[in-house]
Amino acid sequence: MDLQPSAQRLAELMHASEPFLGRTKRGRVWDWLLREYHQDRVFIDVGLERIVTWPDLSAHGPATVTGPSWPQHPAGQRPPKNGTTPRVPVSQLARQIAALPHRLLAYQGADGHPVILPVAVAGHDETGLRLTAPPELLAPGGRRAGFLAHAFRPQCVGVSMRTVTGWLTVKDGETVYAPHTSAGMAAPPSKTVMTVANGLLAKQGLRRAQRNGTTARLRDLAAQGPAQGSERHPDGT
């Protein structure tokens, strides 16, 4: 984590993002509105260990592994104390993700690295979402897993996503995902409205972080050095 990025790194980020997000709005009002959004950032540098690709986006066909070989499936995990059954309404979640075309499932692999796979939702009942994936890709047994459904339009104008945590069970050819938490967001398909919302949310978030002590804690971590900060707070908080 780079908790106090230099002005040069912030400028390089803005320059690199414009081909994908569009030109940055400039002017006295825009500069004031987007000051926190552009300048008060924390950088997370991610080191890639392994990338697995398939001939198509559904992960069918022979896989190509770049990096260390893909290990065997991980063993099943111990169920949580509060049980594995759904804790949010499954039918409501199914409606919320119906219009989001891209679905990903993630869990911890045998070597500790994340396994991220495309899945499809074949249906649902009171036990959870019924998922499908290419044979042999999903680890058998039960485990904690994350589920993401999203839709992105060009230049991220009109973003919709829903992030879910829950319990995955793969048994006897059936894959059931029981959701435990669910959070989502949707942005209007308007570049101007999105830019204004980003600026206002950044200002509000920074003020809240200053009031509850988050900003001070981040400064303390930055003073200790990136390695110590990352080790103590792997979630970036």
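Here is a short report on the structure shown in this document.

The rules behind the values
Residues numbered from 1 in each chain as written. Predicted model: local features only at pLDDT ≥ 70, side-chain atom pairs only at ≥ 80, totals over all residues. Heavy atoms only, no water. Axes fitted to C-alpha atoms, helices over the stretch in contact; angles between N-to-C directions. Helix = DSSP H or I, 4+ residues; strand = E, 2+ residues; numbered from the N terminus. Parallel < 35°, antiparallel > 145°, perpendicular 65-115°, else oblique. Contact = heavy atoms within 4.5 Å. Pairing = 2+ DSSP bridges. Core = buried A, V, L, I, M, F, W, Y, C linked by side-chain atoms within 4.5 Å. Buried < 20%, exposed > 50% of the residue type's maximum accessible area, 1.4 Å probe, protein only. Salt bridge = Lys/Arg side-chain N within 4 Å of Asp/Glu carboxyl O.

Considerations on the packing of helix α5 (residues 191-212) against helix α6 (residues 214-224)
Part 1: Put simply, α5 and α6 touch, their axes get as near as 5 Å, and they point 80° apart. Taken together, the axes of α5 and α6 are roughly perpendicular relative to one another. In this structure, α5 contributes Leu206, Ala209, Gln210 and Asn212 to the contact, and α6 contributes Thr214, Thr215 and Arg217.

Quick notes on the sheet that holds strand β9 (residues 174-186)
What links the strands of a sheet is backbone hydrogen bonding, and the strands pair in either a parallel or an antiparallel sense.
Part 1: The strand order β4-β3-β7-β8-β9-β6-β5 describes an open sheet built from seven strands, whose pairing is antiparallel. Looking at strand neighbours, the two that pair on one side only are β4 (114-118) and β5 (120-125), the edges of this open sheet. Ignoring strand direction, the axes of neighbouring strands in this sheet form an average angle of 35°.
Part 2: Where strand β7 (residues 141-151) meets strand β8 (residues 160-171), 11 bridges bridge the pair, whose relative direction is antiparallel. Across the sheet, Gly146 pairs through a bridge with Thr165, a residue of β8.

Some details on the nonpolar core
Part 1: Counting 26 residues, the largest nonpolar core has Leu105, Tyr107, Leu129, Leu131, Phe147, Leu168 and Tyr177 as the members making the most contacts within it.
Part 2: Those residues in contact with Leu129 that sit more than four places away from it in its chain are Val90, Leu93, Ala94, Ile97, Val121, Gly123, His124, Phe147, Thr175, Val176 and Tyr177.

Details of the pattern of salt bridges
Part 1: Overall, the coordinates contain seven salt bridges when judged by the stated rule.
Part 2: In this structure, the salt-bridge partner of Asp2 is Arg9, at a minimum N-O distance of 3.0 Å.
Part 3: Look at Asp2 and you get partly exposed, because its relative accessible area is 22%.
Part 4: The class of Arg9 is partly exposed, set by a relative accessible area of 24%.
Part 5: Note that Asp125 and Arg130 form a salt bridge whose closest N and O atoms lie 2.6 Å from each other.
Part 6: Members of the salt-bridge network, linked through shared partners, are Asp2, Arg9 and Asp45.

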